[in-house]
Amino acid sequence: MNKKYNGAIGIFDSGYGGLTILDEIKKRLPDHDYIYLGDNARTPYGTRSFNIVYRFTLEAVKYLFKQGCPLVILACNTASAKALRTIQQHDLPDIDPTRRVLGVIRPTVEQLGKHTQTGHIGIFGTPGTIQSESYNMEISKLYPGFKAVGHACPMWVPLIENGEASHPGADYFVKQEVDRLLDKDPEIDTIILGCTHYPLLYDKIRRYVPEEISLLCQGNIVAESLADYLERHTGLEKRLSHGHTTTYLTTENSSKFSAMASIFLNQPVEATTVEI
C-alpha cells in the first residue's frame, strides 16, 4: 500500500466527466485528500455491456483501495448504474467490509421531491445509463407516483471531449435532444443531467429548456450528500486524511489527460499514468 495516499477519498470515472463531481466535492470538503482515477484507456463506458462495466469498475475500486482509500465515489453514472450495487452487495464483504463505495444516482434522485410539481421527470444520459433504467428504478423506489422518462444523448460526450461544447455547432445537437425528450412527455418539469460531462453543456441546455423546468446538475448534490454521509459515519470520517492534496491518475497518456482535465477544472492539472 502506498502510504502517501492513506486516507484519501478515491474518485473514479471512466474518463473526464467525474472531474465535475470532484470539483464540487473539493469546494464542499476542501481539507480532505483526494485521488482521481480516470480509466481513459478504456473509455467510453456508456456503450459497454453490464459485465464489462462491472469488471472495469471493480478493478478501479480495488486499485484505489490498494492506494489506501477507505472510501471510493463512483463519479460516473454508467458505473453507478451497472456496477455499484453488485460491488456493494457482493464484493465489498469479501474485499473489506469496513470500506465504502458510493455512487451518484441515489443522491440525485433523493433531491427530486424538492423540485418537481408535476412528478414528471426527464433524464438525459449516455446510452448505457438510459438503457440500464437505473434512474427509473431508483425513482420508483423513492417516489412511486412519479413518472420518469429517459433519453440517451450519444453525441454530447464526444462534443465535449472534442472541445466543441462552447461552439455554435453544438447547439443543433443540444436542441435536438431537448426537443426529443420534451416530445416524449410535455409534462416534464424537472430534468436530471445524468452524465457528469453534461455540466459543460449546461448553458446551451438551459437555453433550449423552458425556464419553468428545473435542471439538476449532480456535482453540488453529490458533494452535499457526501458531507452529510460523513457527518453520520464518524468512524469513516476519522479514517480520512486531511492534507488538502489532490492526485490525478489516468490509465491513458498523462499529458493528454492533463490538458483535458485543465479544461474541465479551469486550472492546471498534472496527471500520472498508471495500470490497474
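Whatever comes next refers back to the structure up there.
Residues numbered from 1 in each chain as written. Predicted model: local features only at pLDDT ≥ 70, side-chain atom pairs only at ≥ 80, totals over all residues. Heavy atoms only, no water.

Draft legend 1. Local environment of the overall build of the protein. The number of helices and strands found in the protein is 13 helices and 10 strands. On C-alpha atoms alone, the protein measures out to a radius of gyration of 18 Å, which is about the 19 Å that the 2.2 N^0.38 rule sets for 276 residues. If one aligns the C-alpha atoms of the protein with their principal axes, the spans along those axes are about 55 × 40 × 35 Å. Per-residue burial for the protein yields a buried fraction of 56% across its 276 residues. Within the protein, counting contacts between residues at least 6 apart in sequence, those at least 24 apart form 78% of the total. Accessible area of the protein: about 12,200 Å², with a carbon and sulfur share of 49%. Seen as two clouds, the 28 positive and the 32 negative side-chain charges of the protein have centres 5 Å apart. (Helix = DSSP H or I, 4+ residues; strand = E, 2+ residues; numbered from the N terminus. Rg over C-alpha atoms; globule rule 2.2 N^0.38 Å. Buried < 20%, exposed > 50% of the residue type's maximum accessible area, 1.4 Å probe, protein only. Contact = heavy atoms within 4.5 Å. Areas by Shrake-Rupley, 256 points an atom, 1.4 Å probe, with all protein chains shown as cover. Lys, Arg positive; Asp, Glu negative; His and termini not counted. Charge placed at Lys NZ, Arg CZ, Asp CG, Glu CD.)

Draft legend 2. Seen up close, the packing of helix α2 (residues 50-66) against helix α4 (residues 84-95). Two elements in contact, α2 and α4, have axes whose closest approach is 12 Å; the angle formed by their N-to-C orientations is 40°. Taken together, the axes of α2 and α4 are oblique relative to one another. In this structure, α2 meets α4 at a crossing whose hand is right-handed. Counted together, Y54, T57, L58, V61, K62 and F65 of α2 and T86, I87, H90, D91, L92 and I95 of α4 form the full contact between these two elements. Partitioning the contact of α2 with α4 into residue classes produces 7 nonpolar, 3 polar and 2 charged. (Axes fitted to C-alpha atoms, helices over the stretch in contact; angles between N-to-C directions. Parallel < 35°, antiparallel > 145°, perpendicular 65-115°, else oblique. Left-handed = near helix turned anticlockwise from the far one by under 90°. Nonpolar A, V, L, I, M, F, W, Y, C, P; charged D, E, K, R; others polar.)

Draft legend 3. Seen up close, the packing of helix α1 (residues 18-28) against helix α13 (residues 254-265). Close contact between α1 and α13 brings their axes to 9 Å; oriented N to C, the two are set at 50°. Overall, the two elements α1 and α13 adopt an arrangement that is oblique. Helix-helix and strand crossings are classified by hand; for α1 and α13 the assignment is right-handed. Packed against α1, whose contacting residues are L19, T20 and D23, the element α13 presents A261, F264 and L265 at the interface. In the contact of α1 with α13, the residues fall into 4 nonpolar, 1 polar and 1 charged.

These results come straight from atomic positions and should not be treated as a statement about function.
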